[in-house]
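# Secondary and tertiary structure notes
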Amino acid sequence: MKLRIGTSVVTLFLLAAFAVGALAQKPEYRISNGYTHKNLTIFLIHGKDQNKKGNILTLQEAMERKIFVVYETSNVNELEVENLSKEFEVFIQSGDIVKGGKQDRVLAVSIIIPARSGRISIESFCVESGRWTKRGDEDSTKFNSSNDRIVTKDLKIAANGARSQQEVWDKVAEAQTRLSKSVGGTVNSTKSASSLQLSLENKKVVALIDEYIAKLSGVIDGQSDVIGFAYAVNGKVNSADIYVSNALFKKVWGKMLKASATEAVAESNGVRLAEPVKSEAVLGMIADVDKARSNERSVGAGTKMVTRENKENVLYESRDAKSDLVIHRSYVKIQ
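Remember, predicted model here, so these are calculated numbers, not experimental data.

What counts as what
Residues numbered from 1 in each chain as written. Predicted model: local features only at pLDDT ≥ 70, side-chain atom pairs only at ≥ 80, totals over all residues. Heavy atoms only, no water. Axes fitted to C-alpha atoms, helices over the stretch in contact; angles between N-to-C directions. Helix = DSSP H or I, 4+ residues; strand = E, 2+ residues; numbered from the N terminus. Parallel < 35°, antiparallel > 145°, perpendicular 65-115°, else oblique. Contact = heavy atoms within 4.5 Å. Nonpolar A, V, L, I, M, F, W, Y, C, P; charged D, E, K, R; others polar. Salt bridge = Lys/Arg side-chain N within 4 Å of Asp/Glu carboxyl O. Buried < 20%, exposed > 50% of the residue type's maximum accessible area, 1.4 Å probe, protein only. Core = buried A, V, L, I, M, F, W, Y, C linked by side-chain atoms within 4.5 Å. 1 Å grid on protein atoms, 1.4 Å probe; cavity = no way out; pocket = protein on both sides within 12 Å on 5 of 7 lines; lining within 4 Å. Points joined across faces, edges and corners; volume = space filled by probe spheres on them.

## What about the packing of helix H3 (residues 165-183) against helix H5 (residues 203-216)?
Their axes nearest at 10 Å, the elements H3 and H5 cross at an angle of 75 degrees. Compared by their axis directions, H3 and H5 come out roughly perpendicular. Where H3 approaches H5, its residues Leu 179, Ser 182 and Val 183 are matched on the opposing element by Lys 204, Val 205 and Leu 208. For the contact of H3 with H5, a count of residues per class yields 4 nonpolar, 1 polar and 1 charged.

## What to know about the pattern of salt bridges
By the definition in use, this model includes 24 salt bridges. Its salt-bridge partner being Arg 329, residue Asp 290 comes within 3.3 Å of it at the nearest N-O pair. With Asp 290 in helix H7 (residues 279-290) and Arg 329 in strand E20 (residues 326-333), this residue pair connects regions lying 39 residues apart in the sequence. Assigned by exposure class, Asp 290 and Arg 329 land together as buried. The shortest N-O distance in the salt bridge between Arg 319 and Glu 317 comes to 2.7 Å.

## Let's talk about the nonpolar core
Leu 40, Ile 42 and Leu 196 are the most contacted members of the largest nonpolar core, which totals 48 residues. At the level of elements, strand E5 (40-46), helix H2 (153-162), H3, helix H4 (196-200), H5, strand E15 (226-233) and helix H6 (246-266) are the ones that each hand at least two residues to this core. A total of 10 residues in this core trace back to one element, the largest contributor, which is H6. With 25 residues, the next largest nonpolar core counts Leu 59, Phe 88, Val 98 and Ile 113 among its residues.

## As for empty space enclosed by the protein
Taken as a whole and judged by the stated rule, the model has 3 cavities of 30 Å³ or more. Its boundaries defined by the atoms lining it, the largest cavity holds a volume of some 100 Å³. Forming the walls of the largest cavity are Ser 94, Ser 110, Arg 149, Lys 156, Asn 160, Asp 241, Met 256, Met 305, Tyr 316, Ser 318, His 328 and Ser 330. Of all the secondary structure elements, the ones that give two or more residues to the lining of the largest cavity are H2, strand E19 (313-320) and E20. Tallied by class, the residues present in the lining of the largest cavity amount to 3 nonpolar, 6 polar and 3 charged.

Distances and angles like these do not, on their own, reveal function.
Shown next, in the form of structure tokens:
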């Protein structure tokens with residue numbers, strides 16, 4: 001591993017890679033110095049595209065275009081998805097919330113659903129414990145939107161690592177409590193008090209999040225080689241996400257920044273400015289967990305999930321089983 005410190009970036013040579021033959025290569029990543037607003041610091045991760053496909057939509061885009069359906073199955077921990085498009089593939093990222101059905105859910109794997117897919121089962125967790133009926137004018141047989149994500153590292157670990165429905169519910173309740181303290185009033189909706197999605201739509205929460213987004217969303221402007229980002233909250237590295245291409249990263253950036261800003265809001269009670277965080281701290285997290293032993297499992301649609309974990313960090317990696325191409329890597333700081 002080689003480290004070079006410049007005026008604006010740290011150059012990283014990491015042993016892990018996104019393509020076939022990765023163990024024999026040392027691809028170069030550059031991690032920017034931090035961009036900070038209040039208690040949130042963003043680091044951009046620069047690197048080469050590993051996939052040039054331009055026909056990938058996000059789940060949010062595909063649902064808005066009405067070419068992708070997420071079906072209610074009456075099984076809390078399994079939904080069905082179907083890509084109706086003849087030309088577009090759809091990227092689902094672990095942690096995407098789907099709103100509607102009998103209960104709001106979070107999809108639990110990162111996966112690319114091919115065009116004309118037919119119905120495919122996908123793992124999920126409930127992020128709304130108190131409802132099992134139609135809500136308002138929503139369709140209880142399917143889900144109508146995916147505008148938000150789970151918003152704390154504890155929730156990421158509960159959904160991806162512990163894979164425990166009870167722990168997901170517990171972490172949702174904790175997130176709601178923290179957000180309520182930060183905004184100075186309850187964020188639990190009268191329509192469904194346990195719904196994380198409705199809490200994220202709370203006007204006070206949205207107003208605080210929008211301030212972060214206004215300050216930080218433009219940091220990727222004009223940068224064609226950004227393939228991921230890391231962030232720190234209250235002076236501590238939290239998480240990092242790396243994608244198969246700059247095009248895919250740009251599509252998920254708004255949703256990812258919103259989730260990061262929401263976590264910063266939840267942790268902002270009494271905090272005004274973040275402590276300084278160095279790029280080397282991000283390097284330390286990535287390099288540390290990349291050395292951990294891996295566990296693999298199939299998650300369907302030709303995708304396998306690789307997990308690496310030690311006492312301080314965990315990596316959830318989504319890999320195409322046929323090409324062995326890494327689609328998405330999610331690093332989370334445990335301690």
